[in-house]
Amino acid sequence: MPVISRREFFRKAAMNSAAVGLLSAGAGELCANPLDMPIGCQTYPVRAMIGQDFPGTIKQLADAGFQRIELCLPKGYAGSGFGVIAKYKGAELRKILGDLGVKCESSHFDMKELRENLAERIAWANDVGLTQMIVPSLGGPRNPTMDDVKRAADEYNKMGEQSAKAGIQQGLHNENFELTEVEGKRTYDLLLDLLDPKLVKFQFQVSTISRGYDAADYFTKYPGRFFSMHVQDWSPETKTTMAVGKGSLDWKKIFTAAKTGGVKNYFVEMNLDLMKASVPYLHELRV
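In this text the structure is predicted, and so the values were computed from the model without any measurement.

*Asks:* Describe unusual backbone geometry, with residues and values.
*Replies:* Excluding glycine, residues mostly have negative phi values, and the peptide bonds linking residues are mostly trans. Here the phi dihedral of Asp-36 falls at roughly 60°; this positive angle occurs in a residue that is not glycine. One non-glycine residue, Asn-176, lies in the positive phi region at around 55°. Structurally, Asn-176 is set in the loop between β5 (169-172) and β6 (181-182). When its relative accessible area of 52% is taken as the criterion, Asn-176 is described as exposed.

*Asks:* A description of helix α3 (residues 54-63) should follow, citing residues and the corresponding values.
*Replies:* Buried residues of α3: Phe-54, Thr-57, Ile-58, Leu-61 and Ala-62, and no others. Down the axis of α3, the buried set is contained in an arc of 140°. They therefore lie on one face. Where α3 begins, the side chain of Asp-53 points an oxygen toward the backbone nitrogen of Gly-56, at a separation of 3.0 Å. Residue Gly-65 follows α3 closely and has a positive phi angle near 115°.

*Asks:* Describe the packing of helix α5 (residues 111-128) against helix α6 (residues 146-165), with residues and values.
*Replies:* As a packed pair, α5 and α6 sit with axes 11 Å apart at the nearest point and diverge in direction by 10°. Taken together, the axes of α5 and α6 lie roughly parallel to each other. Crossing handedness for the pair α5 and α6: left-handed. For the pair α5 and α6, the contacting residues are Met-111, Leu-114, Arg-115, Leu-118 and Ile-122 in the first and Glu-155, Tyr-156, Met-159, Gln-162 and Ser-163 in the second. Here the contact of α5 with α6 is composed, by residue class, of 6 nonpolar, 2 polar and 2 charged.

*Asks:* Describe in detail the pairing of strand β4 (residues 132-135), supporting the description with residues and values.
*Replies:* Within a regular strand, side chains alternate between the sheet's two faces. In β4, alternate side chains face the same way, and those of Gln-132 and Ile-134 on one face and Met-133 and Val-135 on the other are all buried. Where strand β3 (residues 103-108) meets β4, 3 bridges bridge the pair, whose relative direction is parallel. Each residue of the ladder has a partner; that of Ser-107, found in β4, is Met-133. Handedness of the crossover is the feature at issue here: the chain leaves β3, passes through α5, returns alongside β4, and the resulting connection is right-handed.

*Asks:* Run through the side chain of Arg-225, naming residues and quoting values.
*Replies:* In this fold, Arg-225 is placed in the loop between α8 (215-221) and β9 (226-231). Although Arg-225 lies buried, it forms no salt bridge, and the closest oppositely charged side chain, Asp-193, sits 5.7 Å away as judged by the N-O distance. Here the side chain of Arg-225 touches Leu-195 through a polar contact of 3.1 Å, landing on its backbone oxygen. Aside from chain neighbours lying at most four places away, what touches Arg-225 is Leu-192, Leu-195, Asp-196, Pro-197, Val-200, Lys-201, Phe-202 and Gly-261.

*Asks:* Requested: an account of the sheet that holds β5, with residues and values cited.
*Replies:* Around the barrel, which closes on itself, the 8 strands sit in the order β1-β2-β3-β4-β5-β8-β9-β12 with parallel pairing between neighbours. Across the sheet, the mean angle from the axis of one strand to that of its neighbour is 30°, orientation sign disregarded. Its contacts with the sheet place helix α9 (residues 251-261) against β9 and β12 (265-268), and it is angled at close to 155° to β9.

*Asks:* Lay out α6 with the relevant residues and their values.
*Replies:* An α-helix turns once every 3.6 residues. As a result, residues three or four positions apart point the same way. Under the 1.5 Å per step criterion, the end-to-end length of α6 is 29 Å for 20 residues, consistent within 8% with the ideal 28 Å. Residues of α6 that are buried: Met-146, Asp-148, Val-149, Ala-152, Ala-153, Tyr-156, Asn-157, Met-159, Gly-160 and Ser-163. Gly-167 sits one or two residues past α6 and shows a positive phi near 80°.

*Asks:* Give a detailed account of the pattern of salt bridges, specifying residues and quantitative values.
*Replies:* By the definition in use, this model includes 11 salt bridges. Among the ionic contacts, a cluster of salt bridges with common partners joins Lys-75, Glu-113, Glu-120 and Arg-121.

*Asks:* Which residues make up the packing of α6 against helix α7 (residues 187-194), and what are the values?
*Replies:* One can describe the packing of α6 onto α7 by two numbers: an axis separation of 10 Å at closest approach and a directional angle of 45°. Relative to α7, the element α6 lies oblique. Two packed elements cross with a definite hand, and for α6 against α7 that hand is right-handed. In contact with Met-146, Val-149, Lys-150, Ala-153 and Asn-157 of α6, α7 contributes Thr-187, Leu-190, Leu-191 and Leu-194.

*Asks:* Kindly report on the packing of aromatic side chains, identifying the contributing residues and their values.
*Replies:* One pass over the full model with this rule turns up 17 aromatic pairs. Seen from their ring centres, Tyr-188 and Phe-204 are 6.1 Å apart, and the 65° between their planes marks the pair as edge-to-face. Highlighted residues: Tyr-188 in helix α7 and Phe-204 in strand β8 (residues 200-205), separated in sequence by 16 residues. Note on accessibility: Tyr-188 and Phe-204 belong to one class, buried. Measuring from centroid to centroid gives 5.9 Å for Phe-202 and Phe-226, while their planes differ by 55°, and the two rings are tilted. Taken together, the residues span a long stretch of sequence, with Phe-202 in strand β8 and Phe-226 in strand β9 at a distance of 24 residues.

*Asks:* Account for the side chain of Ser-107, naming residues and giving values.
*Replies:* Following the sequence through the fold, Ser-107 ends up in strand β3. With sequence-adjacent residues up to four places away left out, Ser-107 is seen in contact with Glu-70, Leu-71, Cys-72, Leu-73, Trp-124, Leu-130, Gln-132, Met-133 and Ile-134.

Here is what the cut-offs are and how they apply
- Residues numbered from 1 in each chain as written.
- Predicted model: local features only at pLDDT ≥ 70, side-chain atom pairs only at ≥ 80, totals over all residues.
- Heavy atoms only, no water.
- Helix = DSSP H or I, 4+ residues; strand = E, 2+ residues; numbered from the N terminus.
- Buried < 20%, exposed > 50% of the residue type's maximum accessible area, 1.4 Å probe, protein only.
- Arc of directions from axis to C-beta.
- Polar contact = N/O pair within 3.5 Å; in protein donor to acceptor, adjacent residues only side chain to side chain.
- Axes fitted to C-alpha atoms, helices over the stretch in contact; angles between N-to-C directions.
- Parallel < 35°, antiparallel > 145°, perpendicular 65-115°, else oblique.
- Left-handed = near helix turned anticlockwise from the far one by under 90°.
- Contact = heavy atoms within 4.5 Å.
- Nonpolar A, V, L, I, M, F, W, Y, C, P; charged D, E, K, R; others polar.
- Pairing = 2+ DSSP bridges.
- Right-handed = clockwise from strand over helix to strand, strands pointing away.
- Lys, Arg positive; Asp, Glu negative; His and termini not counted.
- Salt bridge = Lys/Arg side-chain N within 4 Å of Asp/Glu carboxyl O.
- Expected span 1.5 Å × (residues − 1).
- Phe/Tyr/Trp six-rings, centres within 6.5 Å; stacked < 30°, edge-to-face > 60°.

Taken by themselves, the reported measurements are silent on function.
In structure tokens form, the structure reads like this:
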């Protein structure tokens, strides 16, 4: 083996280190996701599969490229397939998910169960390692009055206060009640004004574009009020949801605005085939 000088040795070592650095940077860029957020998915669309084989379903999601999952509480959503998870203690569930290669920091909770068992649900959330507890809807009437909206907001602010003391952030999705109108104003907009920004954040359902609710517009109009979003693409021609990147939505615009809105994570939510088909696009998306 030829002998080289000390100076030549260090010169070559530096060149090799630089080359490795460039390769690493390139690999990182190839695997980058929008805003450097791990790709997540909501598990409700695969609830029937979870009811039959929970570990196997989570492994499928991990193998498809999802690094984060969002659950629905096993007790509140027992009839939807999540009841099989109730046998695990929170810490056990956290370990099972970690062993399968995913992390869970968010879950949906039914408003009724929070009214009846908020302290217990907060304790479960902490055991699992959640930082977010999300309510799909405050469950108000379909034709609310302004007083209905104020009562709902007041109740949820109090829940948010209790959760915050335990280090958990409450968040409101936008379904049903939130998509109604009161005195010519959107209930969702009223709730953005009435809910305490420190106690309650929002999770935006992107597919509500079908009802005229534009994600980028809301993120821009209400900076810092959001911490999450459910992701679906949309075809105005067929009026159906589509895999991300296959529809009409401008995802660069949405993710750029999401940063202004305060979004910390996002979850693809469609049937399994469409969720899987969304992963390659999200891997390649640069914002």
